[in-house]
Amino acid sequence: MKRILLTVLIALVAGFASAQTEKGGWMVGASVANLNYGLTDKDFSLDLTPQAGYFISDNVALGGQLLLSVYSPKDGESLTSWGIAPFVRGYFGGTEKGKFFGQGNVGFVGSSFDDETTTAFALGATAGYAYFITRNVSLETGLGYSYSKAKDFDGSSNLGLNFGFQIYLGGKK
């Protein structure tokens, strides 16, 4: 049964997948290993950031992403974070095997720590490289900066190195 489902999924993706970063296409993927070093609190975290976007023109996508994180800071208390952010991503340079990209996002994040929940405004920017292992699947790495500020708390700044993938569907025929 699993083989049949996998075969059907591959056939559907192959049938709809015809472009990389062309107008009218979609990108779906995630940063699956986002390693952060906190500039303000010196903690490390590991995140998952699924995202989807639509190419409004060649090499320019608009979309949204979820921000999910669970980690234990230096003091041992568990911290859970979540968020949602629209983004804009532009691809430039490179070839069909790889392209550089820049991405910016603005959104809201929330966190639960020691039975206290807060929400904050968040900004982020990432510069990276997408290496296409097939015409429609890329592996990505990027270096990003994020800033969040809650009403009653000091702002938080982070530098992040992320690794992920994207699947590109549709586009011009």
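Fair warning: this is a prediction, and the values are worked out from it, not measured in the lab.

S.K.: Quick rundown of a nonpolar patch on the surface? Include the residues and the values.
M.R.: On the surface, Val32, Leu48, Leu66, Leu68, Trp82, Ile84, Tyr131, Ile133, Leu139 and Phe165 cluster together into a nonpolar patch covering about 870 Å² of accessible area. Counting only elements with at least two residues in the nonpolar patch, the list comes to β3 (60-71), β4 (79-95) and β6 (116-134). Looking at where Ile84 falls in the secondary structure, it is placed in strand β4. Assessed through its relative accessible area of 53%, Ile84 is described here as exposed.

S.K.: Lay out the pattern of salt bridges with the relevant residues and their values.
M.R.: Across all of its chains, the model carries three salt bridges by this definition. A salt bridge links Glu96 to Arg135; the shortest N-O distance between them is 3.5 Å. Here the residue Glu96 occupies a position in the loop between β4 and β5 (98-113), and Arg135 occupies one in the loop between β6 and β7 (137-149), the gap between them amounting to 39 residues. Taking the relative accessible area as the measure of exposure, Glu96 reaches 53% and is therefore exposed.

S.K.: Tell me what's going on with the pairing of β7, and back it up with residues and numbers.
M.R.: Here 13 bridges tie β6 to β7, and the two strands are oriented antiparallel to one another. Across the sheet, the residue bridging to Ala127 is Leu143, located in β7. Counting the residues in the hairpin turn of β6 and β7 gives two residues. Relative to strand β8 (residues 156-170), β7 runs antiparallel, the two being bridged by 12 bridges. In the sheet register, Glu140 faces β8, and the bridge partner there is Gly164.

S.K.: Give me the environment of Val32: which residues, what numbers.
M.R.: Tracing the backbone through its elements, the reader meets Val32 in strand β1 (residues 25-38). Of the residues examined, Val32 reaches a relative accessible area of 47% and is grouped as partly exposed.

S.K.: Account for the packing of aromatic side chains, naming residues and giving values.
M.R.: Under the defined criterion, the tally for this structure stands at nine aromatic pairs. Their ring planes at 50° and their centres at 6.0 Å tell us that Tyr91 and Phe101 sit as a pair that is tilted. Linking Tyr91 in strand β4 with Phe101 in strand β5, this pair joins segments that are 10 residues apart in sequence. Relative to Tyr168, the ring of Phe132 has its centre 5.2 Å away and its plane inclined at 45°; by these criteria the two rings are tilted. In this pair, Phe132 is assigned in strand β6 and Tyr168 in strand β8, connecting sequence segments 36 residues apart. Per residue, the accessibility class of Phe132 equals that of Tyr168, and both read buried. Feature note: the residues Phe55, Tyr91, Phe101, Phe132 and Tyr168 constitute an aromatic cluster, connected by ring pairs. Over the aromatic face of Phe101 sits the side chain of Arg89, whose NZ or CZ is 3.9 Å from the ring centroid.

So, how was this worked out
- Residues numbered from 1 in each chain as written.
- Predicted model: local features only at pLDDT ≥ 70, side-chain atom pairs only at ≥ 80, totals over all residues.
- Heavy atoms only, no water.
- Patch = residues over 30% accessible without salt bridge, like charges linked within 9 Å, V, L, I, M, F, W, Y side chains within 5 Å.
- Areas by Shrake-Rupley, 256 points an atom, 1.4 Å probe, with all protein chains shown as cover.
- Salt bridge = Lys/Arg side-chain N within 4 Å of Asp/Glu carboxyl O.
- Helix = DSSP H or I, 4+ residues; strand = E, 2+ residues; numbered from the N terminus.
- Buried < 20%, exposed > 50% of the residue type's maximum accessible area, 1.4 Å probe, protein only.
- Pairing = 2+ DSSP bridges.
- Phe/Tyr/Trp six-rings, centres within 6.5 Å; stacked < 30°, edge-to-face > 60°.
- Lys NZ or Arg CZ within 6 Å of the ring centre and 35° of its normal.

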